[in-house]
Amino acid sequence: MAKITASVYTSHVPAIGAALDQGKDQEPYWQPLFKGYKFSQQWLKDNTPDVIFLVYNDHATAFSLDMIPTFAIGTAAEYAPADEGWGPRPVPTVIGHPELAAHIAHSVIQDDFDLTIVNKMAVDHGLTVPLSLMCGQPDAWPCPVIPFAVNVVQYPVPSGRRCFMLGQAIRKAVESYDQPLKVQIWGTGGMSHQLQGPRAGLINKAWDNAFLDRLIADPEGLSQVPHIDYVREAGSEGIELVMWLIARGAMADVNPGAAPGAAGGPAPKVAHRFYHVPASNTAVGHLILENT
Ligand code: DHB
Ligand code: FE
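What counts as what
- Residues numbered from 1 in each chain as written.
- Chains lettered and ligands numbered in written order.
- Predicted model: local features only at pLDDT ≥ 70, side-chain atom pairs only at ≥ 80, totals over all residues.
- Heavy atoms only, no water.
- Near = heavy atom within 4 Å.
- Polar contact = N/O pair within 3.5 Å; in protein donor to acceptor, adjacent residues only side chain to side chain.
- Pairing = 2+ DSSP bridges.
- Helix = DSSP H or I, 4+ residues; strand = E, 2+ residues; numbered from the N terminus.
- Axes fitted to C-alpha atoms, helices over the stretch in contact; angles between N-to-C directions.
- Contact = heavy atoms within 4.5 Å.
- Salt bridge = Lys/Arg side-chain N within 4 Å of Asp/Glu carboxyl O.
- Donors = N, O, S within 2.8 Å, 3.2 Å for Na, K, Ca; no water.
- Buried < 20%, exposed > 50% of the residue type's maximum accessible area, 1.4 Å probe, protein only.
- Parallel < 35°, antiparallel > 145°, perpendicular 65-115°, else oblique.
- Core = buried A, V, L, I, M, F, W, Y, C linked by side-chain atoms within 4.5 Å.
- Phe/Tyr/Trp six-rings, centres within 6.5 Å; stacked < 30°, edge-to-face > 60°.

Here we come to the site of ligand 1. In the region of ligand 1, the neighbouring residues are His12, Val13, Pro14, His59, His125, His193, Leu195, Glu240, Ala279, Ser280, Asn281 and Thr282. Note that an oxygen atom of ligand 1 is positioned 2.9 Å from one of the side-chain N or O atoms of histidine 12.

Here you go:
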């Protein structure tokens, strides 16, 4: 059977992708940021999974205001890097895993989560920047990726609670797949940032670090935080952080289907934790949690 081996959490600031693509990653502004991912790139080489289930948000690139799926799973064989206005990023095409994606779609939909099935889409910085941060600039990404897009751009957005429960359903789906695949689940976006309006530039270091603490040690409690608290405390784009709860809900210490508070498996090992301000307008947070 397939299993979830680890979860990775990281911000997805588009300027990080531009810095890499333009060879600026060793400039003084960017150097401390990329230093924080040195460990992670080696860790991913040492712990390459068979598939990455990558939870991210599209920024009105593949989807527009014409159509706004709350949760969309990519079931395609491949995904082209999107043109977000400056041409597509010069990064590899993302290879999908249609069989596992279709299995997860079946299981999660039968578990009462309404997913949109996407057979064709381009992937924007929300997906490609986390891959670049974790993999550097390879000729091909190290394994197939299942893109899972969450609407955190246009209101109403899903609650943290629902995201956390969805993570549990995704784990159940992975564990019922009849192939011995090692699957990582990545939760991306965040941390605090606000890109527009009078509060543009908002960063809340204390809130971000408390979020990281609770994501590690009290994810169930953290999942109860209402969306308006994210917006007030972490800025209008800070709401991207609810996606991290999908990945956290899929870890072994969370007990799918059990009563709230019931014990699950062992707590994950914190393999790496990093926080850096600023990257463009955003506070960058990053965690690697391993199932033990
Ligand atoms: C920035 C951050 C984002 O999450 C995004 O989608 C676009 C821009 C920024 O900090 O510049
Ligand atoms: Fe974003």
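What follows continues from the structure just given.
Pairing analysis gives eight bridges linking strand S9 (residues 269-279) to strand S10 (residues 282-290), with the strands arranged antiparallel. Its bridge partner lying in S10, alanine 279 is registered against threonine 282. Connecting the antiparallel pair S9 and S10 is a turn made up of two residues, with serine 280 showing a positive phi of about 55 degrees.

Read across the sheet, eight strands follow the order S6-S3-S7-S2-S8-S1-S10-S9 without closing on themselves; strand pairing throughout is mixed. The open sheet is flanked by strand S6 (116-118) and S9, the only strands paired with a single partner. This sheet shows a mean twist of 20 degrees between the axes of neighbouring strands, independent of strand direction. In this sheet, strand S7 (residues 145-150) lies alongside strand S2 (residues 51-56) in parallel orientation, the contact comprising five bridges. Within the sheet, the bridge partner assigned to tyrosine 56 lies in S7 and is alanine 149. In this fold helix H7 (residues 205-217) packs onto strand S1 (3-10), S9 and S10, with an angle of close to 165 degrees to the strand it touches most, S9. Along the sheet, helix H10 (residues 242-249) contacts S1, S2, strand S3 (71-74), S7, strand S8 (182-188) and S10; its crossing angle with S8, the most-contacted strand, is approximately 160 degrees.

Glancing now at the pattern of salt bridges. Taken as a whole, this structure holds eight salt bridges when the rule is applied. Among the ionic pairs, aspartate 213 bridges to arginine 273, the shortest N-O distance being 2.8 Å. With aspartate 213 in helix H7 and arginine 273 in strand S9, this pair connects stretches of sequence that are 60 residues apart.

Protein ligation of the iron ion (ligand 2) involves His12 (NE2), His59 (NE2) and Glu240 (OE), the donor distances falling in the range 2.1 to 2.2 Å. Counting the intervening residues between successive donors of the iron ion (ligand 2) yields the motif H-x46-H-x180-E. Pair noted here: histidine 12 is in the loop between S1 and helix H1 (14-21) and glutamate 240 is in the loop between helix H9 (227-234) and H10, with a separation of 228 residues, a long-range link. Pair check on accessibility: histidine 12 and glutamate 240 agree, each one buried.

Here we take up the packing of helix H3 (residues 38-46) against helix H5 (residues 125-135). In the contact formed by H3 and H5, the axes pass within 7 Å of each other and the chain directions differ by 85 degrees. Between H3 and H5, the interaxial angle falls into the category roughly perpendicular. Here Ser40, Gln41, Trp43 and Leu44 of H3 come into contact with H5, specifically with Ser132, Leu133, Met134 and Cys135.

Formed by 57 residues in total, the largest nonpolar core has its most connected members in Phe53 and Phe148. Ranked by residue count, the leading element in this core is helix H6 (residues 160-175), at seven residues. With residues near it in sequence (within four places) discarded, phenylalanine 53 still touches Ile73, Ile104, Ile146, Phe148, Ile170, Val183, Gln184, Ile185 and Trp186. In terms of nonpolar packing, the next biggest core, distinct from the first, is built from 40 residues, Met121, Leu131, Ala149 and Ile288 among them.

Take the packing of aromatic side chains next. Each aromatic ring pair is specified by the distance between its two centres and by the angle formed by the two planes. All chains considered together, the criterion is met by 10 aromatic pairs. Consider the rings of tyrosine 29 and tryptophan 30, whose centres lie 4.9 Å apart with planes at 85 degrees: the pair is edge-to-face. Here phenylalanine 53 and phenylalanine 148 contribute two aromatic rings whose centre-to-centre distance is 5.3 Å and whose plane-to-plane angle is 35 degrees, an arrangement assigned as tilted. Within this pair, whereas phenylalanine 53 is found in strand S2, its partner phenylalanine 148 is found in strand S7, the two being separated by 95 residues in sequence. A relative accessible area of 1% places phenylalanine 53 in the buried class.

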